[in-house]
Each structure stands twice: as structure tokens, then as C-alpha cells.
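# A structural walkthrough
Here are the chains, one letter per residue:
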Amino acid sequence: MARISALPTSLLAAGGLTGGFALAQATKQRQLGGAVFAAGTAAAFPRWRKTVGTGGAAALTGLSIGAMGASHPLAKKIGAWPAVAVVSSVVALTAWAAVDRRA
């Protein structure tokens, strides 16, 4: 099993969004989904800070939080899973471009 520190931050952040949504939907417990989302972002944050500094890490965290918030109105237009896929992809691509491709 891979150590969390060995996983790309793009996977951690996007996985927190998609995994959190999947868990919240399956259990009907939104707070569990939120915990998974927070864990994914928290796991990525130290490497974000190391690579792009505190400001960059804060911006990536803000993007993740904003993406989660944006998925709700987007879901009303395109459906829940497509919305989660779109916002997770944006977060993953941004994290990859800013952090992971440098590794």
C-alpha cells in the first residue's frame, strides 16, 4: 500500500472531493463526506506549502474549498456526479501544474 506522502497531491485533493461526495451520498451523512474532503486537502497541504510556499498552499486550499462549493450549483445544471468530476478535475490539474509536475 502506498504511503500518503508518496501519492501525488493532485490525487489527494481530487480524491478528497470525489471520495467525500461518494461517502456522503452512500451514507446520507454529509459530515462524513466533509471529513474525507478535509482529510484529502490536509494531506496535500504540507507538500503544497513546501513547493509553492504558504501563499500558494493557501490558494490551492481555497481553490479546493471553492470547488466543493461550486459543485453544488453546478450539480443543478449538469447533475451531481458530472459536477463533482468537473470540479475535481480542475483541482487535480491545478495541483499537478503547480506542485506535482515539479516532483
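Because the structure is a prediction, the values reported are computed rather than measured.

## Here's the deal with helix α3 (residues 80-98)
With 19 residues, α3 should cover 27 Å at 1.5 Å per step; its first-to-last C-alpha distance of 27 Å lies within 8% of that length. On its buried side, α3 packs onto α1 (9-27) and α2 (30-78).

## Thoughts on the packing of aromatic side chains
Scanning all chains against the criterion turns up one aromatic pair. A ring pair is formed by phenylalanine 21 and tryptophan 81, whose centres lie 4.7 Å apart and whose planes are at 85 degrees; its orientation type is edge-to-face. Of this pair, phenylalanine 21 sits in helix α1 while tryptophan 81 sits in helix α3, and the two are 60 residues apart along the sequence.

## Some remarks on the side chain of serine 64
With respect to the element layout, serine 64 can be found in helix α2. Take serine 64: its relative accessible area is 0%, and that puts it in the buried class. Contact partners of serine 64, with chain neighbours within four places excluded, come to Ala13, Leu17, Phe37, Thr41, Trp48 and Val91.

## Some words on the packing of α1 against α3
Contact geometry for α1 and α3: axes closest at 7 Å, N-to-C directions at 160 degrees. One way to sum up the angle between α1 and α3 is to call them roughly antiparallel. With respect to the hand of their crossing, α1 and α3 are arranged in right-handed fashion. Contact residues: Thr9, Ser10, Ala13, Ala14, Leu17, Thr18, Phe21, Ala22 and Gln25 in α1; Ala80, Trp81, Val84, Val87, Ser88, Val91, Ala92, Ala95 and Trp96 in α3. Looking at the contact of α1 with α3 residue by residue, the class counts come to 13 nonpolar, five polar and no charged.

Cut-offs applied
- Residues numbered from 1 in each chain as written.
- Predicted model: local features only at pLDDT ≥ 70, side-chain atom pairs only at ≥ 80, totals over all residues.
- Heavy atoms only, no water.
- Helix = DSSP H or I, 4+ residues; strand = E, 2+ residues; numbered from the N terminus.
- Expected span 1.5 Å × (residues − 1).
- Contact = heavy atoms within 4.5 Å.
- Phe/Tyr/Trp six-rings, centres within 6.5 Å; stacked < 30°, edge-to-face > 60°.
- Buried < 20%, exposed > 50% of the residue type's maximum accessible area, 1.4 Å probe, protein only.
- Axes fitted to C-alpha atoms, helices over the stretch in contact; angles between N-to-C directions.
- Parallel < 35°, antiparallel > 145°, perpendicular 65-115°, else oblique.
- Left-handed = near helix turned anticlockwise from the far one by under 90°.
- Nonpolar A, V, L, I, M, F, W, Y, C, P; charged D, E, K, R; others polar.

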